[in-house]
Amino acid sequence: MADKCDLCLLGLIILSSLLTGISGVDDHVFISSGENVHLSCNNALSDCKSKTTWIYSNRFRHTVVVELIKLGIKNKDTERHERLSLESDCSLNIKNVTEEEDHGLYICRQYVNDRQQGPDERVFLHVLHVSVSPSSSSPSSSSSSSSSSSQTEISPGRSVTLSCQLYSYTGLSCDDLVSSEGVELVWVNQAGVDLKTDSRYQILSSSDQYRCINITLTTTLLNEDDNREWRCQLTHRNQLKTSVRYTVKYSGEKTVLEDPHNVSNTKVYQYH
């Protein structure tokens, strides 16, 4: 009887391996949209470029996995192939990361003579993005879901909503991502104080299949808000991973949305 149980257990283990594939330790990378990112292939062999295949998976965007790089050669049929490059250590570089196109699961595999060598290297890329939506009912204002294209008046007395969104795909629910991985978004001021403690700001949280976490900040602009900074911070297991800063500037009639960790990646939006 014991021998039969052992055989059953062995069969379950083999079936599980076939269903899930060979996998090593998962890595989570957090980045803000518009930045460049470096995804490491920690299982790379020596002289690995001709042996490396990078696969992308996101069932919300593709029904099948996509081979971005096969045995060191880029797949030019993908929309973003010009933004991809393979380093000498077989890590994958992605330029100008976009929240919708790039978030998801990346798998690095090594092949020798058409046989996979070692476990998969699985990297989950999470992308943080902030969009600005003016909340005024004035007929001269226009609301846009993308801050890169929004143009409207911004001045004291106007209401503005900042949406900080984390685009993630892990195969887990957002609740599991928050509870098991300890991922958190929070809006803070210049001093790093949580804006939930200030009744002036309305902070709301939500989620959907694309934006795993969405935290919005809504407030009415005041005269003293000129040069005031609000920052959306992402922490993973209590460690700050990335953030996006929004600074109000009345004097130049513009607002600035920038990543404090990469000043060269500052995004400037003009408002009329």
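None of these values were measured; they are calculated from a predicted model. (Residues numbered from 1 in each chain as written. Predicted model: local features only at pLDDT ≥ 70, side-chain atom pairs only at ≥ 80, totals over all residues. Heavy atoms only, no water.)

(A) Expanded view of the overall build of the protein. The number of helices and strands found in the protein is three helices and 18 strands. When each of the 272 residues of the protein is scored for burial, the buried share is 44%. Within the protein, residue pairs in contact and separated by at least 24 positions form 60% of the contacts whose partners lie at least 6 positions apart. With the model as given, the accessible surface of the protein reaches about 14,400 Å², and the carbon-plus-sulfur share is 49%. (Helix = DSSP H or I, 4+ residues; strand = E, 2+ residues; numbered from the N terminus. Buried < 20%, exposed > 50% of the residue type's maximum accessible area, 1.4 Å probe, protein only. Contact = heavy atoms within 4.5 Å. Areas by Shrake-Rupley, 256 points an atom, 1.4 Å probe, with all protein chains shown as cover.)

(B) Quick peek at the pattern of salt bridges. According to the stated counting rule, one finds ten salt bridges in the structure shown. With its nearest N and O atoms 2.9 Å apart, the salt bridge here joins D102 to R83. Taken together, the residues span a long stretch of sequence, with D102 in helix α2 (residues 99–102) and R83 in the loop between β5 (73–74) and β6 (84–86) at a distance of 19 residues. The pair formed by D102 and R83 is uniform in burial state, with each residue classed as buried. The partner of R231 in a salt bridge is E229, with the nearest N and O atoms 2.7 Å apart. For E229, a relative accessible area of 13% puts it in the buried group. (Salt bridge = Lys/Arg side-chain N within 4 Å of Asp/Glu carboxyl O.)

(C) Examining helix α3 (residues 174–181) more closely. C174, L177 and E181 are the residues of α3 that are buried. Looking down the long axis of α3, one finds its buried residues gathered within 70° of arc, a one-sided arrangement. Opposite its buried face, α3 presents the exposed residues D175 and S179, each directed more than 90 degrees away. In the stretch just after α3, G182 is the one whose phi turns positive, near 65°. (Arc of directions from axis to C-beta.)

(D) View of the pairing of strand β4 (residues 66–70). Of the pairings in the sheet, the one linking strand β3 (residues 52–57) to β4 comprises three bridges and is antiparallel in character. Looking across to β4, one finds that W54 is bridged to I69. Bridge count between β4 and β5: two bridges; the pairing is antiparallel. The residue bridging K70 from the neighbouring strand is I73, located in β5. Hairpin remark: β4 followed by β5, antiparallel, with two residues in the connecting loop; positive phi at L71, about 50°. (Pairing = 2+ DSSP bridges.)

(E) How the structure looks around the sheet that holds strand β7 (residues 92–94). Spatially, β2-β7-β6 is the arrangement adopted by the three strands of the open sheet, whose pairing is antiparallel. The open sheet terminates on both sides in strands that have one partner only, identified here as β2 (37–39) and β6. For this sheet the average axis-to-axis angle between neighbouring strands, irrespective of direction, equals 20°. Across three bridges, β2 lies against β7 in antiparallel orientation. The partner of V37 across the bridge, within β7, is I94. (Axes fitted to C-alpha atoms, helices over the stretch in contact; angles between N-to-C directions.)

(F) Layout of the confidence of the model for the protein. Mean pLDDT for the protein: 78, with 73% of residues reaching 70 or above. Here residues 136–152 scores under 50 on pLDDT; set against residues more than four positions off or in separate chains, the count is 35 contacts. Note that pLDDT drops below 50 for residues 253–272; the model gives that stretch 60 contacts with residues more than four away or on any other chain. (pLDDT = per-residue confidence, 0-100.)

(G) Here's a closer look at the packing of aromatic side chains. Inspection of the entire model under this criterion finds three aromatic pairs. Each ring, one from W230 and one from Y246, has its centre 6.1 Å from the other, and the planes form 10°; the classification is stacked. Of this pair, W230 sits in strand β15 (residues 229–236) while Y246 sits in strand β16 (residues 239–249), and the two are 16 residues apart along the sequence. Here W230 and Y246 have matching classes, each one buried. One aromatic cluster is present, built from ring pairs that chain together Y201, W230 and Y246. The aromatic ring of Y56 is capped on one face by R80, whose charged end is 4.2 Å from the ring centroid. (Phe/Tyr/Trp six-rings, centres within 6.5 Å; stacked < 30°, edge-to-face > 60°. Lys NZ or Arg CZ within 6 Å of the ring centre and 35° of its normal.)

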